[in-house]
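# Residue-level structural notes
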Amino acid sequence: MADSPSKTPADRPDIHATKPADLFHPSWWIGGAVLLVLVLLFVRLLITNENLQWGVVWQYLLSAEILAGLGRTLFLTFVSMILGLAIGTVVAIMRLSRNPVFQATSWAWIWFFRGVPPLVQLVFWYNLGLLIPTVSIGIPFGPELWSASTNQLITPMSAALLGLAFTESAYAAEMIRAGIQAVSTGQTEAAATLGMTQAQTLRRIVLPQALRIIIPPIGNDTISMLKFTSLVSVLALPDLLYSAQMIYSRTYQTIPLLIVATIWYLVLSTILTLIEHHIEHRLKEETPVDYRKILASLFKSKFWGLRRGEAMQ
């Protein structure tokens, strides 16, 4: 009896294509059932509780006062992030400098603004006139060229921008520093052999590669900044939250107006999350964005993570 021909390597099954079978534990089913019951109870609360006053929510969701506060919230978010990133970049470069004065100054900046809560900074900057009544510009030990009252310069908006931007600069400096240090030193040495200056190497070689590492935490910081802007309500600056507070102080409809603010914060956070994933994907590979992958990373669900071939089976 002739021996059957042995299988060639090409005929053997690919062990990497074989997926291990999932082992279902009873705690999965129990935990899932408990969570499902809690979700159903929460949905029932949203539908049946008359104190939520959904009619009032829809009435004020697109009101002019709420939309004006929404615009100020977006303005504070993006301007504070731009200023914070600009200052943070300078601080990060100073931190990496071999100059001990630059290193000490940048360390002190990060230590102070990362340690003081944003709310304390907002109140401090708003009351800066109590510490420095007048701001002046002039020649040291010479004539004064310009001066102005600090109370006229520090408005609620400028105090909010200072507090939020300086707080962000401390965190951004550490993220940018980590991104720069992640770039191989061999590339900077190669740039030096080509005759490139340190500024050219930083601008053309180091920073573009560091962006791939910096973008995810910067995106998370942008979402955090969106929520931090609600702190400016202590300065009577009519952002989204303070606009809702002014309305319910007149109408005594506290819960519906807080729901209005909550809905807008959730909408803006979702949009910023999708933008972050879009930019992160485009930096990683030059291919069209697959939003199923973005949703998979958001929801961590097997349903969203199905590949097209698996979904067709």
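Structure: see above.
The sections below set out a description of the structure shown in this document. (Residues numbered from 1 in each chain as written. Predicted model: local features only at pLDDT ≥ 70, side-chain atom pairs only at ≥ 80, totals over all residues. Heavy atoms only, no water.)

## Details of the overall build of the chain
Summing up its helical and strand segments, the chain has 13 helices and two strands in all. A burial count over the chain gives 31% of its 313 residues as buried. As displayed, the chain has an accessible area near 20600 Å², and 67% of this comes from carbon and sulfur atoms. (Helix = DSSP H or I, 4+ residues; strand = E, 2+ residues; numbered from the N terminus. Buried < 20%, exposed > 50% of the residue type's maximum accessible area, 1.4 Å probe, protein only. Areas by Shrake-Rupley, 256 points an atom, 1.4 Å probe, with all protein chains shown as cover.)

## Quick notes on the packing of aromatic side chains
In total, this model carries eight aromatic pairs according to the counting rule given. Centroid distance Trp 54 to Trp 58: 5.7 Å. Interplanar angle 25°. Geometry classified as stacked. One end of the pair, Trp 54, and the other, Trp 58, are both in helix H2 (residues 54–61), four residues apart, so they sit about a helical turn from each other. What makes Trp 54 partly exposed here is its relative accessible area of 27%. (Phe/Tyr/Trp six-rings, centres within 6.5 Å; stacked < 30°, edge-to-face > 60°.)

## Description of the packing of helix H8 (residues 185–193) against helix H9 (residues 198–228)
Taken N-terminus to C-terminus, the directions of H8 and H9 make an angle of 160°; their axes are 10 Å apart at the nearest point. Between H8 and H9, the interaxial angle falls into the category roughly antiparallel. You can see that H8 and H9 cross each other, and the crossing is right-handed. Where H8 abuts H9, its residues Gln 187, Thr 188 and Ala 191 lie against Thr 201, Ile 205, Val 206 and Gln 209. Grouping the constituent residues of the contact of H8 with H9 by class yields three nonpolar, four polar and no charged. (Axes fitted to C-alpha atoms, helices over the stretch in contact; angles between N-to-C directions. Parallel < 35°, antiparallel > 145°, perpendicular 65-115°, else oblique. Left-handed = near helix turned anticlockwise from the far one by under 90°. Contact = heavy atoms within 4.5 Å. Nonpolar A, V, L, I, M, F, W, Y, C, P; charged D, E, K, R; others polar.)

## What about a nonpolar patch on the surface?
A cluster of nonpolar side chains, Ile 30, Val 34, Leu 35, Val 37, Leu 38 and Leu 41, forms an exposed patch at the surface whose accessible area comes to about 570 Å². Within the secondary structure, Leu 41 sits in helix H1 (residues 26–48). (Patch = residues over 30% accessible without salt bridge, like charges linked within 9 Å, V, L, I, M, F, W, Y side chains within 5 Å. Salt bridge = Lys/Arg side-chain N within 4 Å of Asp/Glu carboxyl O.)

## What to know about the packing of helix H3 (residues 64–96) against helix H10 (residues 240–251)
Where H3 meets H10, the axes come as close as 7 Å, and the angle between the chain directions of the two elements is 155°. Classified by the interaxial angle, the pair formed by H3 and H10 is roughly antiparallel. Two secondary-structure elements touch here, H3 through Glu 65, Ile 66, Gly 69, Leu 70 and Thr 73 and H10 through Leu 240, Ser 243, Ala 244, Met 246, Ile 247 and Arg 250. For the contact of H3 with H10, the residue count by class is six nonpolar, three polar and two charged.

## Describing H10
Here H10 spans 17 Å end to end across 12 residues, near enough to the 16 Å set by a 1.5 Å rise per residue. Residues of H10 that are buried include every one of Leu 240, Leu 241, Ser 243, Ala 244, Ile 247 and Tyr 248, and no others. One face of H10 carries all of its buried residues, which in axial projection span an arc of 160°. Of the residues flanking the end of H10, it is Tyr 252, one or two places downstream, whose phi is positive at about 60°. (Expected span 1.5 Å × (residues − 1). Arc of directions from axis to C-beta.)

## Focus: the pairing of strand E2 (residues 144–149)
Relative to E2, strand E1 (residues 134–138) runs antiparallel, the two sharing five bridges. Within E2, the position partnered with Gly 138 by the bridge is Glu 144. Here E1 folds back onto E2 in antiparallel fashion, the turn holding five residues, of which Phe 141 has a positive phi close to 60°. (Pairing = 2+ DSSP bridges.)

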